[in-house]
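# Summary of the model geometry
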Amino acid sequence: MDEQPDSTGPALDRRAELSEFLRTRRARLKPEDVGLPDFGRHRRVPGLRREELAQLAGVSVAYYTRLEQGNGRNVSAEVLDSIARALRLTDAEHAHLTHLAKPKHKKKQAARPQQVRVALQQLIDAMDAVPAYVVGRRAEVLAWNRMAAAVFGDWAELPPAERNWARMVFLKPEYRDLFVDWEQKAIDIVCALRMNAGCYPDDPRLSALVGELSVKSEEFRRLWATHDVKEKSHGVKHLRHPLVGELFLNFEGLKLADDGDQTLVTYHAEPGSASAEALRLLAAWGTDATRAGSQSPSTSPSPSPSG
C-alpha cells in the first residue's frame, strides 16, 4: 500500500532541536544525582549549570556552550559519548543526540514515499486471529488486517491523511475512550515522533504534522516541549473496546530489515485469558465488529486494504 500525499511544511530547525534537547536534559539533573554539592537557594535555574555539565563531560565550558547553542559542527563521537554519559542519557536519547549533532543528510529518503510490500500485506492478512498493522516513520498506518480493524476501528473509512496514530490519538475523542491509559499512549507517540524528527529534520511532512498538532492540541504541545525520546518495541496495552469490554493485549513492534522506517506491530492475549476469548469473538465477527459497535473508533467496516 502506497503512502498517500499530504500537506507539507517548513523543515524543523535542527540547531534549535539540538539546543533544546541538551537544555532539557541538563535541567532534569540535580547536583546530587551526579555527586556534586547542592547550594540550594543560590541556584537560579533548575538542574545542572553549564559549567558543571562541562566539568563532568571533560570539555571546556565554552565548547559545551557552543554545542548547547546548537552548533554541533565538527563535534566528535567521543565528545558526544562523554556528554551523553554526563547527562545520563538512555540509549535512545544518545542516538537522538547523535542524529541532531551529526546528521546523515536523509533529505532524499524523507521525500521518498513509504510503500508496503505486497508480500507483507499478504502476511498480515493471513494473521486472521492476530491484530496487525504496519506503521511508518510519521506514525502513519500504512497497512493493516481485518483483526486490527476489529480492535482499533476500520481505518479504511478514514481519509488517508487521517490514518495516523498521532492525529487519531490527539484529535479523535473516541481513542481516548479506547486506550485506558491514554496519557501513556500519547507519550509513546510523541517520543517516537521526536526520534524520527532527529533522523529526518528536513522532512516537510513530519514538520507539517507537528505544526498541525501543536495548533490543535494543547496536550501535544505540552508533551512535544519535553523533548523526550524513547523506543518502545514491546509491552502491554489496556483497551476498553465498545463491544467486548476490557482487553489486555501484549504487543510486539518489529522493525523491517529492509526498511527501518517501517514497523510491523502485532497484538496477542495471554492464552486462556478473558482477553483471548474476547479476541476470538472479534475474529468471529470480523468487520461486523466495527459495524455493531456504534461507539467504536470508526463508523463502519470494509475489507482491509490490499497490498
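The following paragraphs examine the structure supplied in this document. (Residues numbered from 1 in each chain as written. Predicted model: local features only at pLDDT ≥ 70, side-chain atom pairs only at ≥ 80, totals over all residues. Heavy atoms only, no water.)

What follows deals with the pattern of salt bridges. A complete count under the given rule lists 22 salt bridges for this structure. One salt bridge in this structure joins arginine 194 and glutamate 17, with 2.1 Å as the shortest N-O distance. On the criterion of sequence distance, the pair formed by arginine 194 in helix H11 (residues 182–199) and glutamate 17 in helix H1 (residues 14–27) is long-range, its members being 177 residues apart. Between glutamate 219 and arginine 176 there is a salt bridge, with the nearest N and O atoms lying 2.4 Å from each other. Of the two residues, glutamate 219 is situated in helix H13 (residues 218–224) and arginine 176 in helix H10 (residues 173–178); the sequence distance between them amounts to 43 residues. Residues joined in a network through salt bridges with shared partners are Arg137, Arg138, Glu140, Asp203 and Asp261. (Salt bridge = Lys/Arg side-chain N within 4 Å of Asp/Glu carboxyl O. Helix = DSSP H or I, 4+ residues; strand = E, 2+ residues; numbered from the N terminus.)

The tendency in soluble globular proteins is for nonpolar side chains to be buried as a group. Membership of the largest hydrophobic core comes to 46 residues, with the highest contact counts inside it found for Tyr133, Phe152, Trp155, Trp165, Phe170 and Leu193. If we ignore the near neighbours within four places in the chain, the residues touching leucine 193 are Arg137, Arg138, Ala139, Ala166, Leu206, Leu209, Phe220 and Trp224. Core analysis: the next-biggest nonpolar cluster, separate from the first, contains 27 residues, Phe21, Leu48, Ala54 and Val79 among them. (Core = buried A, V, L, I, M, F, W, Y, C linked by side-chain atoms within 4.5 Å. Buried < 20%, exposed > 50% of the residue type's maximum accessible area, 1.4 Å probe, protein only. Contact = heavy atoms within 4.5 Å.)

The strand order across the open sheet built from five strands is S2-S1-S5-S4-S3, with neighbouring strands paired in antiparallel fashion. Across the chains shown, the open sheet's two edge strands, defined by having one partner strand only, are strand S2 (141–144) and strand S3 (234–241). Across the sheet, the axes of successive neighbouring strands diverge by a mean angle of 30°, strand direction being ignored. In the sheet, strand S4 (residues 245–256) pairs with strand S5 (residues 259–268) via seven bridges, with the strands oriented antiparallel. Each bridged residue has a counterpart across the sheet, and for phenylalanine 251 the counterpart in S5 is tyrosine 267. Sitting on the sheet, helix H14 (residues 274–285) touches S3, S4 and S5, and the angle it makes with S4 is about 80°. (Pairing = 2+ DSSP bridges. Axes fitted to C-alpha atoms, helices over the stretch in contact; angles between N-to-C directions.)

In a regular helix each residue adds 1.5 Å, so 12 residues correspond to 16 Å; H14 covers 17 Å between its end C-alpha atoms and thus fits that length. All buried positions along H14 are accounted for by Ser275, Ala278, Leu279, Leu282 and Ala283. Down the axis of H14, the buried set is contained in an arc of 145°. They therefore lie on one face. Exposed side of H14, more than 90 degrees from the buried face: Ala274 and Ala284 are the residues found there. (Expected span 1.5 Å × (residues − 1). Arc of directions from axis to C-beta.)

Looking now at the environment of arginine 221. Mapped onto the elements of the fold, arginine 221 is located in helix H13. For the pair formed by arginine 221 and valine 210, sequence separation is 11 residues and the distance between their alpha carbons is 8.9 Å.

The buried count for S5 comes to seven of 10 residues, which makes it a mostly enclosed element. Bridging between strand S1 (residues 132–135) and S5 involves four bridges; their strand directions are antiparallel. For tyrosine 133, the partnering residue across the bridge sits in S5 and is valine 265.

The subject of this paragraph is unusual backbone geometry. Of note, alanine 139 is a non-glycine position whose phi angle comes to about 75°, a positive value. Assignment of secondary structure puts alanine 139 in the loop between S1 and S2. Under the relative-accessibility criterion, alanine 139 is labelled buried at 11%.

Looking at where valine 134 falls in the secondary structure, it is placed in strand S1. The exposure class of valine 134 is buried, given its relative accessible area of 0%. Separated by 120 residues in sequence, valine 134 and leucine 254 place their C-alpha atoms 9.4 Å apart. Not counting chain neighbours up to four residues away, the residues in contact with valine 134 comprise Val116, Leu120, Glu140, Val141, Leu142, Ala143, Gln262, Thr263 and Leu264.

Glancing now at the packing of helix H2 (residues 50–57) against helix H4 (residues 77–86). Angle between the axes and distance between the axes: these two values describe a pair of packed helices. Running from N to C, H2 and H4 point in directions that differ by 120°, and their axes come no closer than 8 Å. Comparing the axis directions of H2 and H4 gives the class oblique. For the element pair H2 and H4, the recorded crossing hand is right-handed. Residues Leu53, Leu56 and Ala57 of H2 form the contact with H4, whose participating residues are Ser82, Ile83 and Ala86. When its residues are assigned to classes, the contact of H2 with H4 shows five nonpolar, one polar and no charged. (Parallel < 35°, antiparallel > 145°, perpendicular 65-115°, else oblique. Left-handed = near helix turned anticlockwise from the far one by under 90°. Nonpolar A, V, L, I, M, F, W, Y, C, P; charged D, E, K, R; others polar.)

Turning to helix H5 (residues 91–101), its buried residues number three or more, namely Ala92, Glu93, His96, Leu97, Leu100 and Ala101. Down the axis of H5, the buried set is contained in an arc of 160°. They therefore lie on one face. Those residues of H5 hidden inside the fold are in contact with H1, H4 and H11.

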